[in-house]
Amino acid sequence: MSEQHNNDGQHPPRRPAAKGTARGGRFDGRTSEQRRTSRTKPTGGGQKRGGGGATERNRKGHERNRRSLSQRSFSASAPSQRSRTADPARLVAFEVLRAVAESDAYANLVLPKTIRAHRLDHRDAGLATELTYGTLRNQGTYDAVLARCADRPLHKIGTTTLIILRMGAHQLLKMRVPAHAALNQSVSLARERIGSGPSGFINAVLRRVSERTADEWFELIEAESKDETERMGFATSHPAWIVRAMRQALAAHGRDPQEIRALLEANNVSPVVNLVALPGVGDLREAEENGAVPGELVEGSALYSAGDLARLESVREGTVRAQDVGSQLVARALAAVPIEGSDRAWLDMCAGPGGKAALLGALGAQRGAHLVANESAPHRAKLVEQSMRPLPEETYTVLTGDGRSITATLAREAAKLPGSMGPDALFDRVMVDAPCSGLGALRRRPEARWRKTPRDIADLLPLQGQLLDAAIEVTRPGGVIAYVTCSPHAAETQNIVAEALESGKVHLLDARAALQAVALQESGDDGSPRSVLAGEKDPGTQPEVHMKRGAPAVTDAASSTAQLWPHVHGTDAMFLALFRKK
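Residues numbered from 1 in each chain as written. Predicted model: local features only at pLDDT ≥ 70, side-chain atom pairs only at ≥ 80, totals over all residues. Heavy atoms only, no water.

Participant: An account of the pairing of strand E3 (residues 273-277) is needed here, citing residue identities and associated values.
Facilitator: Counting buried residues in E3 gives 5 out of 5 residues, a clear majority hidden from the surface. The alternating pattern of E3 places Val-273, Leu-275 and Ala-277 and Asn-274 and Val-276 on opposite faces, both of which are buried. With 3 bridges joining them, E3 and strand E6 (residues 320-322) adopt antiparallel strand pairing. Across the sheet, residue Ala-277 finds its bridge partner in E6, namely Val-320. (Buried < 20%, exposed > 50% of the residue type's maximum accessible area, 1.4 Å probe, protein only. Helix = DSSP H or I, 4+ residues; strand = E, 2+ residues; numbered from the N terminus. Pairing = 2+ DSSP bridges.)

So this is what it looks like as structure tokens:
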């Protein structure tokens, strides 16, 4: 679930001042003539506006502006010299953010297409990428700032206006963009994409934002937070419920809950693109010739930061593709678990969009196994077919059906199965990459943190349990099932494992050892080779699982689940549990 995913115009005419233009970010309702008159008169003992001395004071003697005029940044351009046309990079970011807000699109899918559509060069593509992801990651923080700078609640501000305000706040508070440029470009973008009406409001609010530095804003808002969870949520731009859930997840998977700050901050770091070469089909030579470097956790992988992947022929052909290294590790772990007896029938029950299925299929093809890749949604099943095309046709079959009814799907589609499989086929290896909250991929899909709620997780839990139950039913005795989620949330991971074990139909295997076995090796302290997933990067924990009614534990010292973490392993927070059918 976590596969991956970059000029100023003509001179405008002078525009009339909008009614209610803000002073210091607050709308005072005066006409433009009243404001011009007031600027020529000293008030409250302060110097007149534009005098370069003390800030203007109101009738009660309070400063209207927090900074002195010499500290504030205004556009040096006359109105006739200000840009009317949106900067191409900002326009791309705006279009992506609008698609995310209005169509529930994923930025990592929309952004590359939009960059190519606008034909941005490498520099502008980088700016568009930073604006898009930076604005999404810090949305909660910027909303807290904007709420203190606008004259109305944020929910009463139009979606497109709010998008431009957030983009402007990102430029002012997190990027090295001069204030006058951030304001000028934000207003130009508003004029081109929304209209001249909201541009005055946007200009006024962003001027108010520019009156404080990022540190000053953060100190102010953190001081107003009601507790440590809310403060951390603001500081790292995560909803408070996610802060609590991640802290609990760390404890549930055997790590120190005090790592929570490092985990949340890792969610705000742009991930380096991970590449995988499909075993027996692709190789990384072309990527390495274009700047890719070998991966640090698993064989057949590389790290790529040289721009648009579509430039690489191997990527266009599908023999090399972007895939988080956590996804690579769990697929390889399932394929490598020792089993006795037949090993020719493999199943991926929830295969869309096809990244893990392609890797699993390539590994199986090398050993004479046939992979059945099942996906419930027809449009995602087409993505699976596209992802599998680099493999020999006789090594895989793509089916469309609800994973919970996989037996019925196999019976209905029996004609598509190879001769060695009948409608009552049982499988040797089964992958359940269950639909989940995706909380483990927030660094890659930052918009998800603002979309998800605790209710979403509660709604997914029955589905996850039912999919795992169905997978157990179609696995032969002695076969292996991998339960995978891109979420560390305890309800989606350890609790589902406990329910499966309570059925008495499976044993829990050692997922820690399985991941360590497929990871790269390094020299240990004594010079002997050891897995790069050992020591501080050990992903395993022994879950505390008991049978109902106080019966003895159903795990032993050789049983473990495995959880990868962004702040520890540099991967998505991928969870793996391995079971053997009794």
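Participant: Tell me about the environment of Glu-544, and name the residues and values.
Facilitator: Considering the arrangement of structural elements, one finds Glu-544 in the loop between strand E15 (540-541) and strand E16 (561-563). Residue Glu-544 is classed as exposed on the basis of its relative accessible area, which comes to 78%.

Participant: Outline the state of the cysteines, supporting the account with residue identities and numerical values.
Facilitator: Overall, the coordinates contain 0 disulfides when judged by the stated rule. Looking at the unpaired Cys-486, the closest cysteine sulfur is the one in Cys-436, lying at 5.7 Å. Residue classification places Cys-486 among the buried positions, given a relative accessible area of 2%. (Disulfide = S-S within 2.5 Å.)

Participant: I'd love a proper account of the packing of helix H2 (residues 88-103) against helix H6 (residues 159-173), names of residues and values included.
Facilitator: In the contact formed by H2 and H6, the axes pass within 10 Å of each other and the chain directions differ by 130°. One finds that H2 runs oblique with respect to H6. Considering only the axes of H2 and H6, their crossing is right-handed. Along the contact surface, H2 presents Arg-90, Ala-93, Phe-94, Leu-97, Arg-98, Ala-101 and Glu-102, while H6 presents Thr-159, Thr-160, Ile-163, Ile-164, Met-167 and Gln-171. Here the contact of H2 with H6 is built from residues that sort into 7 nonpolar, 3 polar and 3 charged. (Axes fitted to C-alpha atoms, helices over the stretch in contact; angles between N-to-C directions. Parallel < 35°, antiparallel > 145°, perpendicular 65-115°, else oblique. Left-handed = near helix turned anticlockwise from the far one by under 90°. Contact = heavy atoms within 4.5 Å. Nonpolar A, V, L, I, M, F, W, Y, C, P; charged D, E, K, R; others polar.)

What is shown is where atoms sit, not what they do.
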